[in-house]
Amino acid sequence: MIYATCLSGVIGKNGDLPWPYMVADMKWFVQHTKRKIVVMGRTTWESLPKKLPDRINIVITNQEITGPDMLVKGDPTSVMAEIQAAYPDQDIVIIGGAQVYKDFYVFAEKVHVTLVQELYQGDTYFDIRNLMQQAYKLDYEVKVPGDDNQPDLLFETYSRPLN
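Residues numbered from 1 in each chain as written. Predicted model: local features only at pLDDT ≥ 70, side-chain atom pairs only at ≥ 80, totals over all residues. Heavy atoms only, no water.

A. Seen up close, the overall build of the protein chain. Across its full length, the protein chain carries five helices and 10 strands. If you line up the protein chain on its principal axes, its C-alpha atoms span 45 × 40 × 25 Å. Sequence separation of at least 24 residues holds for 61% of the intrachain contacts in the protein chain that already meet a minimum separation of 6. (Helix = DSSP H or I, 4+ residues; strand = E, 2+ residues; numbered from the N terminus. Contact = heavy atoms within 4.5 Å.)

Structure below.
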């Protein structure tokens, strides 16, 4: 799973990101999603300018839409089973939106987080960093200083401990 949030827990505003375009965050996203399966909800799919290249794009929806490599619907367990059956032994990355994150974070073995070090207003919230810090192991953390046009960023990767 990969998501970006800010200090207020906002992840979206009017179907888009609430902060300005950030090159470092986009590089982080590409690094952790390229050549993998990306799973998203319909609203996230529709917010993209085009299909994400070099990835298998899967959309969770009850509606008929065109463009993704695969459409799935159902409860989270059956959706994950269907994707894993169609693409065995491939990495799956949940990329949003909020409801998909809430429904699927329990399946995440790794969670890549961008924490934008500023408060933004928005209409969509998701932040499970507190849960990650308690139940997952922090594998990676790096701070990227901002500038006059960009806020500071904190990149983190958490992994589920082996039982």
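B. Molecular detail of the packing of aromatic side chains. Within this structure, the stated rule accounts for seven aromatic pairs. A ring pair is formed by Y3 and Y101, whose centres lie 5.6 Å apart and whose planes are at 55°; its orientation type is tilted. In this pair, Y3 sits in strand β1 (residues 2-6) while Y101 sits in helix α4 (residues 98-104), placing the two residues 98 residues apart along the sequence. As far as the burial class goes, Y3 and Y101 line up, both buried. Where F104 meets F107, the ring centres are 5.9 Å apart and the plane angle is 40°; that geometry is what we call tilted. Accessibility expressed as a relative area gives 3% for F104, which makes it buried. Three or more aromatic residues link up through ring pairs in this structure, and these residues are Y3, Y101 and F126. (Phe/Tyr/Trp six-rings, centres within 6.5 Å; stacked < 30°, edge-to-face > 60°. Buried < 20%, exposed > 50% of the residue type's maximum accessible area, 1.4 Å probe, protein only.)

C. Summary view of the pairing of β1. Burial analysis of β1 places five of its five residues in the buried class, the great majority of the element. Because side chains alternate across β1, one face comprises the buried residues I2, A4 and C6, and the other comprises Y3 and T5, equally buried. Summarising the sheet, β1 and strand β7 (residues 110-116) pair through five bridges and their orientation is parallel. The partner of C6 across the bridge, within β7, is V116. (Pairing = 2+ DSSP bridges.)

D. A look at helix α3 (residues 76-86). Here α3 has its buried residues at V79, M80 and I83. For α3, the angular spread of the buried residues around the axis is 95°, confining them to a single face. Looking at α3, the residues exposed on the side facing more than 90 degrees away from the buried face are T77 and A85. Tucked inside the fold, the buried residues of α3 contact β3 (37-41), β4 (56-60), β5 (70-72), β6 (92-96) and α4. If you check the start of α3, you find a side-chain oxygen 3.1 Å away from the backbone N of T77, and it comes from D75. (Arc of directions from axis to C-beta. Polar contact = N/O pair within 3.5 Å; in protein donor to acceptor, adjacent residues only side chain to side chain.)

E. Structural context of unusual backbone geometry. Cis geometry is found at the peptide bond from G96 to G97, where omega equals 0°. Within the chain, R35 stands out as a residue other than glycine whose phi angle is a positive 60°. Tracing the chain through its elements places R35 in the loop between α1 (23-33) and β3. A residue is classified by how much of its surface remains accessible, and R35, at 65% relative accessible area, is exposed. Notably, D89 is not glycine yet its phi reads approximately 60°, a positive angle.

Purely geometric numbers; function is a separate question.
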